[in-house]
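# Analysis of the macromolecular model
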Amino acid sequence: MFLIKGTIKTVSSFTIGTDGYFIDVQFNELGLTPSALKGAMRTSISWAIRNGMVRGTSCDEIEPSRIAKVHQGKPCDVCSLFGYPDHEGKLRVYSGPNKDGKMKPKTHVITHVNINDETGTAKKTALFKQEVVPPEEEFPFTVQVVGGEEELCLALASLHYLRFLRLGRGGMVDVNVDKVIKDGKEIDAQKIPLELKWVW
Ligand SMILES: [Zn+2]
């Protein structure tokens with residue numbers, strides 16, 4: 001079993017959220033939730049495999065009823081790591097409070113104007129507010145991988161390629177892997193050919 005401990009940092013303004021009452025696009029109270037991070041990692045590794053950047057198999061199927069059919073008895077590497085209906089997977093994600101001990105990061109509220117495409121003017125009633133996390137906010141996380149080196153590499157690659165995707169509603173992030181722990185002991189992850197420290 002491996003534990004990957006690291007930090008995600010916002011590079012651009014970053015929004016995840018649902019529509020609220022006063023603020024139209026609200027940041028989730030829990031900050032970067034484990035399920036949001038896990039979903040993003042899954043998207044990231046599927047993308048990297050599909051584009052030939054990581055060796056492995058990905059069914060790219062998101063419709064639960066079709067997953068068993070495309071697997072034809074053998075789950076793809078992405079599903080066996082991240083899980084699929086009735087199968088738990090080998091990876092768990094935990095995200096902790098930030099360095100101020102808070103789950104919800106500091107946010108700014110910005111007001112947008114919807115522009116009418118035809119006339120090029122602002123629509124009446126089209127002001128909306130959006131809550132965003134500013135750049136340079138950090139979110140600590142832990143990823144637990146129950147498996148061998150192959151699973152560890154896929155998990156690290158899914159974190160690595162998060163930098164090239166957009167999280168939430170268009171935010172860019174950077175990732176730093178602080179340490180990798182195997183059976184309670186920190187291991188040297190340098191031989192893994194991935195950039196594990198801050199990039200942007
Ligand atoms: Zn699959």
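Residues numbered from 1 in each chain as written. Predicted model: local features only at pLDDT ≥ 70, side-chain atom pairs only at ≥ 80, totals over all residues.

The name an unreviewed UniProt entry assigns to the protein is CRISPR type III-associated protein domain-containing protein, from the organism Sulfuracidifex metallicus DSM 6482 = JCM 9184.

So, on to the overall build of the protein. On a plain count of helices and strands, the protein comes out with four helices and seven strands. Traced from its N-terminal end to its C-terminal end, the protein shows the element sequence β-α-α-α-β-β-β-β-α-β-β. Within the protein, buried positions represent 28% of all 200 residues. Contacts spanning at least 24 positions in sequence make up 66% of the contacts within the protein whose residues lie at least 6 apart. (Helix = DSSP H or I, 4+ residues; strand = E, 2+ residues; numbered from the N terminus. Buried ≥ 20, exposed ≤ 12 C-beta atoms within 10 Å, placed from the backbone. Contact = placed C-beta atoms within 7 Å.)

Ordered by their spatial adjacency, five strands build an open sheet running β2-β5-β1-β6-β7, and the pairing between neighbours is antiparallel. Of all the strands in the sheet, the pair left with one neighbour each is β2 (91-95) and β7 (185-187). Averaged over all adjacent pairs, the angle separating strand axes in this sheet is 30°, with direction ignored. Pairing geometry for β2 and strand β5 (residues 138-145), over five bridges, is antiparallel. The partner of Val 93 across the bridge, within β5, is Val 143. Sheet strands in contact with helix α1 (residues 34-50) are β2 and β5, and its direction is about 130° off that of β2. (Pairing = 2+ DSSP bridges. Axes fitted to C-alpha atoms, helices over the stretch in contact; angles between N-to-C directions.)

Looking now at the environment of Trp 47. The topology assignment puts Trp 47 in helix α1. Apart from residues no more than four positions distant in its own chain, Trp 47 is found in contact with Tyr 161 and Leu 165.

Two elements, strand β1 (residues 2-10) and strand β6 (residues 173-182), share nine bridges in a ladder whose sense is antiparallel. For Phe 2, the partnering residue across the bridge sits in β6 and is Lys 182. For β6 and β7, the ladder comprises three bridges, and the chain directions are antiparallel. Each bridged residue has a counterpart across the sheet, and for Val 180 the counterpart in β7 is Ile 187.

In this model α1 runs 24 Å from its N-terminal to its C-terminal C-alpha over 17 residues, within 8% of the 24 Å that 1.5 Å per residue would give. Those residues of α1 that sit buried are Leu 37, Lys 38, Ala 40, Met 41, Arg 42, Ser 44, Ile 45, Ser 46, Ala 48 and Ile 49. As for α1, its buried residues are in contact with α3 (77-82), β2, β5 and α4 (149-160). Where α1 ends, the next residue or the one after it, Gly 52, has phi of about 75°, a positive value. (Expected span 1.5 Å × (residues − 1).)

Turning our eyes to something else, we now look at the environment of Thr 111. In this fold, Thr 111 is placed in strand β3 (residues 108-115). Counting along the chain gives 20 residues from Thr 111 to Glu 131, while the straight-line C-alpha distance between them is 8.8 Å.

With that out of the way, let us pick up the pairing of β1. The pairing of β1 with β5 spans eight bridges and is classified as antiparallel. Across the sheet, residue Leu 3 finds its bridge partner in β5, namely Gln 144.

Quick look at the nonpolar core now. With 35 residues, the main nonpolar core has Ile 4, Ile 45 and Ala 155 as its most contacted residues. At the level of secondary structure, the elements contributing two or more residues to this core comprise β1, α1, α3, β2, β5, α4 and β6. In contact with Ala 155, other than residues within four places in its own chain, are Ile 4, Leu 81, Leu 91, Val 143 and Val 145. (Core = buried A, V, L, I, M, F, W, Y, C linked by C-beta atoms within 7 Å.)

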